[in-house]
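# Descriptive structure summary
For reference, the chains in residue letters:
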Amino acid sequence: MEKTARVASEVGLHARPAAVIARAVEQFDAPVYISLNGETVEATSGLMIMTLGAQCGDEVTVSSEDSQAVEAVCNLIESSIQPL
């Protein structure tokens, strides 16, 4: 499954938001990927998510074989992402 999400966090997918996403992905069995501008990273690493350089308002693509994982990550990206 693949879905597009608009980054809502004012700091983009920087350190804290990326860490929150990576931690959330740990609960799913299938790998989850985030893509921006042709670059794709596995969402299990906050550092890898940060390398995308996604800013507030950017549209990223979330993909996984697990539709619940895609929905969960998209919901986080489209929220203001609370601290850990």
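In case you missed it, the structure is sitting above this.
This structure is a prediction, so every number in the text was calculated from the model and none was measured. (Residues numbered from 1 in each chain as written. Predicted model: local features only at pLDDT ≥ 70, side-chain atom pairs only at ≥ 80, totals over all residues. Heavy atoms only, no water.)

## Structural notes on the side chain of Asp66
Along the chain, Asp66 falls in the loop between strand E4 (59-64) and helix H3 (67-77). One buried charged residue, Asp66, remains without a salt bridge, the closest side chain of opposite sign being Lys3 at 13 Å. Polar contacts involving the side chain of Asp66 include one to the main-chain amide nitrogen of Gln68, which spans 2.9 Å. Among all residues touching Asp66, those that are not within four sequence positions of it are Phe28 and Ala30. (Helix = DSSP H or I, 4+ residues; strand = E, 2+ residues; numbered from the N terminus. Buried < 20%, exposed > 50% of the residue type's maximum accessible area, 1.4 Å probe, protein only. Lys, Arg positive; Asp, Glu negative; His and termini not counted. Salt bridge = Lys/Arg side-chain N within 4 Å of Asp/Glu carboxyl O. Polar contact = N/O pair within 3.5 Å; in protein donor to acceptor, adjacent residues only side chain to side chain. Contact = heavy atoms within 4.5 Å.)

## Considering H3
Ala69, Val70, Val73, Cys74 and Ile77 are the residues of H3 that are buried. All buried residues of H3 lie within an arc of 125 degrees about the axis, which places them on one face of the element. Those residues of H3 hidden inside the fold are in contact with strand E1 (2-6), helix H1 (15-25), strand E2 (32-36) and E4. Of the residues flanking the start of H3, the one acting as N-cap is Asp66, its side-chain oxygen 2.9 Å from the backbone nitrogen of Gln68. (Arc of directions from axis to C-beta.)

## Observations concerning the sheet that holds E2
Ordered by their spatial adjacency, four strands build an open sheet running E1-E4-E2-E3, and the pairing between neighbours is antiparallel. Each edge of the sheet is formed by a strand with only one pairing partner; in this case those strands are E1 and strand E3 (39-42). Averaged over all adjacent pairs, the angle separating strand axes in this sheet is 25 degrees, with direction ignored. As judged from the five bridges shared by E1 and E4, these two strands associate in the antiparallel manner. Bridging across to E4, Arg6 finds its partner in Glu59. (Pairing = 2+ DSSP bridges. Axes fitted to C-alpha atoms, helices over the stretch in contact; angles between N-to-C directions.)

## So, the packing of H1 against H3
Axis separation between H1 and H3 bottoms out at 10 Å; the angle between their running directions is 165 degrees. In terms of orientation, H1 lies roughly antiparallel with respect to H3. Every pair of crossing elements has a handedness; the one defined by H1 and H3 is right-handed. Judged by residue contacts, Val20, Ile21, Ala24 and Val25 of H1 engage Val73, Leu76 and Ile77 from H3. (Parallel < 35°, antiparallel > 145°, perpendicular 65-115°, else oblique. Left-handed = near helix turned anticlockwise from the far one by under 90°.)

## Some thoughts on the pairing of E4
Across four bridges, the pairing between E2 and E4 is antiparallel. Note on E4: the bridge partner recorded for Val32 is Ser64.

Functional significance is not addressed by these values, which are geometric in nature.
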